[in-house]
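Secondary and tertiary structure notes
Spelled out from the first residue to the last, the chains are:
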2 protein chains.
Amino acid sequence: MNVVGLDVGGANIKVAFIESEQTPPLTIRTVNVFFPLWIKGKKNLKHAVQDAVLKIVKNRKVDVVGVTMTAEVSDVYFTKEEGVNHVLDCVQRIFSSTPIFVLDVEGNLLPVEEARRKPYKVASANWMATGWLVSRFTVNSMVVDVGSTTTDVIPIVNHQVVVRGKTDLERLAYDELIYTGILRTNLSTITNIVPIGKKFVRVSSEFFASTGDVHLVLGNLKKEEYTTETADGRGKSKREAMARIARIVCADLKMLDEKKIKKISRFIYVRQIKQVAEALKNVYNRTHKTPKKELSIVVTGIGKKILAEKAAKEAGFRNIVDIEKLTKLKISENTPAAALTLMVLNRLERGKNLWMQS
Amino acid sequence: MNVVGLDVGGANIKVAFIESEQTPPLTIRTVNVFFPLWIKGKKNLKHAVQDAVLKIVKNRKVDVVGVTMTAEVSDVYFTKEEGVNHVLDCVQRIFSSTPIFVLDVEGNLLPVEEARRKPYKVASANWMATGWLVSRFTVNSMVVDVGSTTTDVIPIVNHQVVVRGKTDLERLAYDELIYTGILRTNLSTITNIVPIGKKFVRVSSEFFASTGDVHLVLGNLKKEEYTTETADGRGKSKREAMARIARIVCADLKMLDEKKIKKISRFIYVRQIKQVAEALKNVYNRTHKTPKKELSIVVTGIGKKILAEKAAKEAGFRNIVDIEKLTKLKISENTPAAALTLMVLNRLERGKNLWMQS
């Protein structure tokens, strides 16, 4: 059976594709396309999703499609309901004669018509696919998925996803969604002050620089890994990134040298680590009985090394597990889409569980 | 003598025009044009400035032009030097046969060629015009100018502007520039959490809503006073503003009612007041010997009532003076441009000081 998993975000479209009858070891093909919906416009969404699908599916047949999304949060939609319906419209137009299942926040796979009746249940449910996958592999754990824009924290106890929040609003309230990521986050939302010399200086509240700039300057990211837009539309050289960072204190490269900009960058990086670490501690304290040093912290996402792992260590955890080692699947950069293909497969080929033997 | 004062910002172009030989009482005509440079592009700046000038000057003659700017901070320019030169290019092309003076951060009026040699001296000097004007009217005071985007704090002692910082970077370091305003400020730069029910909820780090939305919802602003762009490009009805505010916690109007959104708005408003109040206290403590309850706090800018005055009271000041009462001039919404016309006049017609007798 050939399954497509779609994770349609407001900034990135992620697609995974699995052919369950292929010769082991099982592999999942994935692709990410940067598609800033608020810039490109909703009228272009269908085409962009279709292009992304074609990139990995090519001319192979597709038996079933799983869909999840976060694009409905985007302000191109007035309500989430409008967003959910539009994403589903796009997917139905692309796969007009293929069965489609929509993930909800309880972990159910709903037919499209049911999903349309429960837009608030299928909105931003993508973390549930990740949680489900990791819950198959670990008894007690906590997943930390750090993406370009946001970080998901998903506690698992006795092979069950035991989140306190289901909607984004609830997850923000319960430290299970931290709106910080390693590429797109506006630096001015991370801190109000930065150190320059011996002073702390207030920062601008414009969108002058993003976390991608900080991680590029610190060597945490290569230029090619900085896949999203820059704040000023300029390039991704270190010099351009430093100029953007200088601008957050209304300065430029003639006023601040590399040493000063690196100091600002390290300060922001530490703040970001602490922000995620604090959330991890809160979720852990509320949820887990396993001692901190034993509990598996399963890290994934493009920020798994530079932010998820660092935050877990900052929070006192010691048993950090890479999701790719855990699952033997290359799925870090598209975990929800990939997990969704497995969820669909598991539902339709229950008992076979081919993918868990690989 | 007819003087044009130009204050070319990155989001607003402000023009003032004075005819010193007109029949008293002296009036200054002013106009503000919302011109988001990073959206409209630098190639359109000259035309926009010209249009704004024509709106108030009409077919009257112009004898001299004073220029100040903050547009050079915009990220359409790679360095401030590039920005300063481009703004001066535009002004010179508009006024090709009129004397032009450029304000610097020391309060000097420089010929254009000298200004081009000292770009870091003329960058973001507009607060100096305001400080100079108020220093003519008060012995000891502190000016608080709250605009759409930023807030200037300018201490005056013995009729002298006694700021600690001159460049924006220094002013940010010394609490004399607070990058918060009543229209354009991204709410996620003001707070990381907002109250909903009895919980505090983390906020998104996108640019989903701005202070204009908060002040509109709270009744601090009328729709017509919300002159800048909205975060989502939608309109300025209360309902649209509430939807934007709901989105900062990834919610919509079906999830949060008006009561909840007003609670969030009040929380952010209080944060903003405290942010400015803290800066006022710091500048006061460093600078003034006049007792807090006596020192004149001169408020101006579109946010003079809703933010400057509130912050001054929050900081313990009691002697709040509206700049329009102090100067008998209607200049709140364009103080630096208006003050600059008077500065130029004072320099060229020294001794006459017509405008101070009015």
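We now turn to the structure provided with this report. (Residues numbered from 1 in each chain as written. Chains lettered and ligands numbered in written order. Predicted model: local features only at pLDDT ≥ 70, side-chain atom pairs only at ≥ 80, totals over all residues. Heavy atoms only, no water.)

Let us look at the overall build of chain A. A tally of regular secondary structure across chain A gives 14 helices and 14 strands. Rg of the C-alpha trace for chain A: 20 Å, near the compact-globule value of 21 Å for 358 residues, within the 12% margin. Based on the C-alpha atoms only, the size of chain A along its principal axes is roughly 65 × 50 × 40 Å. Scored against the burial criterion, the 358 residues of chain A give a buried share of 63%. Of the contacts formed within chain A by residues at least 6 apart in sequence, a portion of 64% connects residues at least 24 apart. Considering chain A, the positive charge centre built from 56 side chains and the negative charge centre built from 38 side chains are found 5 Å apart. (Helix = DSSP H or I, 4+ residues; strand = E, 2+ residues; numbered from the N terminus. Rg over C-alpha atoms; globule rule 2.2 N^0.38 Å. Buried < 20%, exposed > 50% of the residue type's maximum accessible area, 1.4 Å probe, protein only. Contact = heavy atoms within 4.5 Å. Lys, Arg positive; Asp, Glu negative; His and termini not counted. Charge placed at Lys NZ, Arg CZ, Asp CG, Glu CD.)

Right, let's talk about the sheet that holds strand E6 (residues 109–111) of chain B for a bit. Residues and elements named next belong to chain B. If you trace the 6 strands from one edge of the open sheet to the other, you get E3-E2-E1-E4-E5-E6, paired in mixed fashion. Across the chains shown, the open sheet's two edge strands, defined by having one partner strand only, are strand E3 (28–34) and E6. Taking the axes of each pair of neighbouring strands and ignoring which way they run, one obtains an average angle of 25° across the sheet. Pairing analysis gives 7 bridges linking strand E1 (residues 2–8) to strand E2 (residues 12–19), with the strands arranged antiparallel. Across the sheet, Val4 pairs through a bridge with Phe17, a residue of E2. Docked against the sheet, helix H2 (residues 45–57) engages E1, E2 and E3, running at close to 35° with respect to E2. (Pairing = 2+ DSSP bridges. Axes fitted to C-alpha atoms, helices over the stretch in contact; angles between N-to-C directions.)

Superposing chain B onto chain A takes a rotation of 180° plus a shift of 0.0 Å along the axis, which leaves an RMSD of 0.0 Å. The symmetry that links the two subunits is that of a two-fold axis. It is Thr189(B) whose C-alpha, among those of chain B, lies nearest the rotation axis, at 2.3 Å. A shared binding surface is used by both copies, with 100% of the interface residues of chain B retained as interface residues in chain A. (Least-squares fit on C-alpha atoms with pLDDT ≥ 70 in both.)

Opposite the 56 residues of chain B that make contact, chain A presents 56 residues. Broken down residue by residue, the surface that chain B buries against chain A is led by Asp75(B), Phe78(B) and Arg202(B), which jointly contribute 19%. If you look at where chain B meets chain A, you find 6 salt bridges. Between Lys254(A) and Glu81(B) there is a salt bridge, with its nearest N and O atoms 2.5 Å apart. Here chain B and chain A share 30 residue pairs in polar contact (both at pLDDT 80 or more) between them. Listed by contribution, the elements that provide at least two residues to the side of chain B that touches chain A are helix H3 (80–94), helix H7 (168–173), strand E10 (177–178), strand E12 (199–202), helix H9 (238–247) and helix H10 (258–287) of chain B. Here the residues of the side of chain B that touches chain A are counted per class, giving 27 nonpolar, 12 polar and 17 charged. (Buried area = accessible area lost by both parts, 1.4 Å probe. Salt bridge = Lys/Arg side-chain N within 4 Å of Asp/Glu carboxyl O. Polar contact = N/O pair within 3.5 Å; in protein donor to acceptor, adjacent residues only side chain to side chain. Nonpolar A, V, L, I, M, F, W, Y, C, P; charged D, E, K, R; others polar.)

Attention shifts here to empty space enclosed by the protein. In this structure the tally under the stated criterion is 8 cavities of 30 Å³ or more. In this model, the largest cavity occupies a volume close to 110 Å³. Contributing to the lining of the largest cavity are 13 residues, with Asn192(A), Val203(A), Tyr179(B), Thr189(B) and Gln275(B) lying nearest its centre. For the lining of the largest cavity, the residue count by class is 4 nonpolar, 8 polar and 1 charged. Its boundaries defined by the atoms lining it, the second largest cavity holds a volume of some 90 Å³. Taken together, 13 residues make up the lining of the second largest cavity; nearest its centre are Tyr179(A), Thr189(A), Gln275(A), Asn192(B) and Val203(B). Per-class residue counts for the lining of the second largest cavity are 4 nonpolar, 8 polar and 1 charged. (1 Å grid on protein atoms, 1.4 Å probe; cavity = no way out; pocket = protein on both sides within 12 Å on 5 of 7 lines; lining within 4 Å. Points joined across faces, edges and corners; volume = space filled by probe spheres on them.)

Right, let's get into the sheet that holds strand E3 (residues 28–34) of chain A. All names here are of chain A. Spatial ordering of the open sheet is given by E3-E2-E1-E4-E5-E6, a layout of 6 strands whose pairing is mixed. For this open sheet the edge positions go to E3 and strand E6 (109–111), each flanked by a neighbour on one side alone. This sheet shows a mean twist of 25° between the axes of neighbouring strands, independent of strand direction.

Turning our eyes to something else, we now look at the pairing of E12(B). All names here are of chain B. Pairing between strand E11 (residues 193–196) and E12: 4 bridges, direction antiparallel. Residue pairing in the sheet places Val194 in a bridge with Val201 of E12. A loop of 2 residues connects E11 with E12, the two strands running antiparallel in sequence, and Gly197 in this loop sits at a positive phi of about 60°.

Residues and elements named next belong to chain B. By the secondary structure assignment, Thr327 is in helix H12 (residues 323–327). Within polar-contact distance, the side chain of Thr327 engages the backbone oxygen of Ile323 at 2.8 Å. Among all residues touching Thr327, those that are not within four sequence positions of it are Leu133 and Phe137.

A word on the pairing of strand E4 (residues 64–69) of chain B. Side-chain positions along a regular strand alternate between the two faces of the sheet. Residues and elements named next belong to chain B. By the criterion of burial, E4 is predominantly enclosed, with 6 of the 6 residues buried. Neither face of E4 is open: one carries Val64, Gly66 and Thr68, the other Val65, Val67 and Met69, and all of them are buried. In this sheet, E4 lies alongside E1 in parallel orientation, the contact comprising 6 bridges. Bridging from a neighbouring strand, Leu6 pairs with Val67 of E4.

Before going further, it helps to spend a moment on the pattern of salt bridges. One pass over the structure, following the stated rule, counts 54 salt bridges over all chains. Across the pair Arg202(B) and Asp175(A) runs a salt bridge, and its minimum N-O distance is 2.8 Å. Pair noted here: Arg202(B) is in strand E12 and Asp175(A) is in the loop between helix H7 (168–173) and strand E10 (177–178), and the two residues belong to different chains. For the residue pair Arg202(B) and Asp175(A), the accessibility class agrees, reading buried in each case. Several salt bridges share partner residues, and in doing so they unite Asp213(A), Asp232(A), Arg234(A), Arg244(A) and Arg247(A) into one network.

Another point: the layout of surface pockets. One number sums up the size of the second largest pocket: a volume of about 640 Å³. Around the second largest pocket, the lining comprises 34 residues; the ones closest to its centre are Asn192(A), Arg271(A), Thr191(B), Asn192(B) and Arg271(B). Among the elements of the structure, H7, strand E12 (199–202) and helix H10 (258–287) of chain A together with H7, E12 and H10 of chain B are those that each provide at least two residues to the lining of the second largest pocket. The element best represented in the lining of the second largest pocket is H10(B), accounting for 6 residues. Grouping the constituent residues of the lining of the second largest pocket by class yields 10 nonpolar, 13 polar and 11 charged.

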